[in-house]
Amino acid sequence: MATAALDDESLQQLRSRATQLLLKEDWKEYIAVCSLIIATCRDRRVLCSALAHRADARARLGEVPGALADCDAALAADPAHPGALLSKGALLRGLGRYAHAAECFRAALAVSGTDEVRELIEQCRRLEAQGRSGVVDLSEWVLAGFSGKCPGLAEHVGPVEVRRSAHSGRGVFAVKNIESGSTLVISKAVAIGRGVLPDAADSGEKMVVWKDLVDKVLDAAEKCPRTASLIYTLSTGEEPEDDLTVPDTAQFKQEPDDLDDAMTTVTTGSAPKVTLDVDKILKVLDVNCLTEDAAPSANLLGSNGVVNCGVGLWILPAFINHSCHPNARRSHVGDHAIVHASRDIKAGEEITFAYFNVLMPVGKRREAARAWGFECKCDRCRFEADDAILRQELAWLENELFNGGGDMGALVVRLEEKMRRSMVKERRKAFLRASFWSAYSALFDSDKLVRKWGRRLPGEAAVAESVAGAVGGNESVLRAMLRGSNNGNGCGNRLEVEDKVVRIGRATYGKVVKRQAMRALFRLTLDADSNKSL
Ligand SMILES: C[S@@+](CC[C@H](N)C(=O)[O-])C[C@H]1O[C@@H](n2cnc3c(N)ncnc32)[C@H](O)[C@@H]1O
């Protein structure tokens, strides 16, 4: 049955009502009013505007397929409708389809060009290039003290592949040699639950953040079949390891060739409908969520000091296993996780990052791994737990570290001498220094202890360099390197030391800033509370 056309007065009333709802940001009601105008209006211009406005409102609610369908309906009636072109461009940009988004913005520019639209086209060009190359430059943002909106990023999958892992189930592997600091993966969160929690937040307050995440993930999965099917590639922690299928890494990339197919799927909603298995998704979240602050560099790179608790789901990074001898780290910028190499990585090597603080002795690390539900069998854990000569001594030192309350200088000197007498090789020395890092840090933090034990201690920068070899770049280690080199306690001549500092800086933060901004990060690192950055 045809709906009766609106007279001018009724149309005017509906428009006023829509404006009120827009101001109140009541998107559901706004969509209802737009729908009424669309169903009853005979004027092509008004119809197209109503469709474009409904598209914007649907986009705000995350109803992307519906929003795109509205834009397409408006553009079918008026191919040069600026509002519909801008809305469609924004939607495609949000989907990471930068070339298609730029086409829409260019068409909008031809009709009613503004500098803002020019900037949108330029932004799409930048994001497309960054998504292809993985090259990120956060210098301006860092130099501006992280003020303002954080820079937009495009997703990127570097030279990595998901394969079966000796650690557990599937893991992510390098497919070519990778230099320390290089970006491996940039991944946009499916969703992030965030909150500002007091230091002594109770579990109830944390549950609020968790519930926020769960609601957002379920919503995202419900609205997008592709998101749901990507979530189902992740482990629930219950499958036998051999039953875990290895996904094709290509599905995590948005290749330009796939765009038309993907677009058809999005606009027609013709993708196979995925039935939500809420129980399964909850288990997936339990095993695969990452916190934004777990990677210490998130403290500097990610937050503007507003959010202090963020937990989210990033699909490809969720395939990365833990190691206490990791070769990668992640930082969080806005909704994106950037995973970078924190040591040089050889082709074929598994990429791992630390799920928890690995600058601790093996006993504490085992407790942390148990809380995650696994037993870590990385080479560092095996050495520390199984070495027949050192095992007892290490257990004694670990007990002394946590329960002795004694002189950390004495502990460090005892460990260094034990390693010298037992002719422990450099690599393993680095493992042990990393394990007793808190003793080294406490010692180097105290001028009195350094004076007392001076001659029997290795230099702070030399220890930092050695530990960076074991755990990769790390804020706390970088801080020691910076302090050690400033004190003239470096390892090598001035240029060599400077080079080492920059290398550990890149290993810590990734190659995401130019030299000048790196210096700003160094200043922040030196000022950072050493405990917080462990
Ligand atoms: C985020 S998932 C990592 C990807 C997982 N291996 C897979 O196949 O889906 C985390 C789970 O992987 C396993 N895992 C990660 N690192 C491990 C390690 N070093 N040793 C044993 N299991 C590990 C644990 O079961 C952990 O709960």
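- As recorded in an unreviewed UniProt entry, the protein chain goes by SET domain-containing protein and comes from Zizania palustris.

**Looking at the overall build of the protein chain**
- Assigned secondary structure in the protein chain consists of 24 helices and eleven strands.
- Within the protein chain, the proportion of its 534 residues that are buried is 42%.
- The contacts in the protein chain between residues at least 6 apart in sequence include a share of 69% that link residues at least 24 apart.

**As for the site of the ligand**
- Neighbouring residues of the ligand: 22 residues in total, closest Ser168, Gly169, Arg170, Ser235 and Asn321.
- When residues of the shell around the ligand are traced back to their parent elements, those giving at least two are β3 (170-174), α12 (278-288) and β8 (321-322).
- For the shell around the ligand, a count of residues per class yields nine nonpolar, eleven polar and two charged.
- Shared between two domains, the shell around the ligand holds at least three residues of each, these being domain 2 (156-341) and domain 3 (362-527).

**Thoughts on the sheet that holds β3**
- Reading across from one edge, β2-β3-β11-β8 is the order of the four strands in this open sheet, with mixed pairing throughout. Of all the strands in the sheet, the pair left with one neighbour each is β2 (160-164) and β8.
- Pairing analysis gives five bridges linking β2 to β3, with the strands arranged antiparallel. Looking across to β3, one finds that Glu161 is bridged to Phe173.

**Some words on the sheet that holds strand β10 (residues 336-341)**
- The sheet built from four strands is open, its strands ordered β1-β4-β10-β9 with antiparallel pairing. In this open sheet, the two edge strands, each paired with only one partner strand, are β1 (156-157) and β9 (328-333).
- Relative to β10, β9 is paired through six bridges, and the arrangement is antiparallel. Residue Arg329 lies in a different strand from β10, and its bridge partner there is His340.

**Topic: unusual backbone geometry**
- With a phi angle near 55°, Glu25 is a residue other than glycine that sits in the positive phi range.
- Within the fold, Glu25 resides in the loop between α1 (8-24) and α2 (27-40).
- Its identity is not glycine, yet Phe146 carries a phi of approximately 60°, on the positive side.
- With respect to the secondary-structure elements, Phe146 resides in the loop between α8 (139-143) and β1.
- The class of Phe146 is partly exposed, set by 18 C-beta atoms lying within 10 Å.

**With respect to helix α18 (residues 426-435)**
- The element α18 is extensively covered by neighbouring structure, given that seven of its ten residues are classed as buried.
- Of all the residues in α18, the buried ones are Lys429, Ala430, Phe431, Leu432, Arg433, Ala434 and Ser435.

**Focus: the packing of helix α5 (residues 82-94) against helix α6 (residues 98-112)**
- Orientation of α5 relative to α6, taken along the N-to-C sense of each, is 160°, at an axis distance of 8 Å. Taken together, the axis directions place α5 and α6 in an arrangement best described as roughly antiparallel. Relative to α6, α5 is oriented so that their crossing is left-handed. Between α5, through Pro82, Leu85, Leu86, Lys88, Gly89, Leu92 and Arg93, and α6, the contact on the second element is made entirely by Tyr98, His100, Ala101, Cys104, Phe105, Ala107, Ala108, Val111 and Ser112.
- Split by residue class, the contact of α5 with α6 holds eleven nonpolar, three polar and two charged.

**A look at the environment of Lys514**
- Within the secondary structure, Lys514 is located in the loop between α23 (494-509) and α24 (515-527).
- Residues Lys514 and Val142, spaced 372 residues apart in sequence, show a C-alpha to C-alpha distance of 10.0 Å.
- Lys514 has contacts with Asp137 and Ser139, leaving out every residue within four places of it along the chain.

**Comments concerning the pairing of strand β4 (residues 183-188)**
- Counting buried positions along β4 gives five out of six residues, so the element sits mostly inside the fold.
- As defined by bridge partners, β1 adjoins β4 across two bridges and the pair is classed as antiparallel. Directly across from Val157, in β4, lies its bridge partner Val185.
- Relative to β10, β4 runs antiparallel, the two being bridged by five bridges. The residue of β10 that forms the bridge with Lys188 is His336.

Calculation rules
- Residues numbered from 1 in each chain as written.
- Predicted model: local features only at pLDDT ≥ 70, side-chain atom pairs only at ≥ 80, totals over all residues.
- Helix = DSSP H or I, 4+ residues; strand = E, 2+ residues; numbered from the N terminus.
- Buried ≥ 20, exposed ≤ 12 C-beta atoms within 10 Å, placed from the backbone.
- Contact = placed C-beta atoms within 7 Å.
- Near = placed C-beta within 6 Å.
- Nonpolar A, V, L, I, M, F, W, Y, C, P; charged D, E, K, R; others polar.
- Domains from an automatic or database assignment.
- Pairing = 2+ DSSP bridges.
- Axes fitted to C-alpha atoms, helices over the stretch in contact; angles between N-to-C directions.
- Parallel < 35°, antiparallel > 145°, perpendicular 65-115°, else oblique.
- Left-handed = near helix turned anticlockwise from the far one by under 90°.

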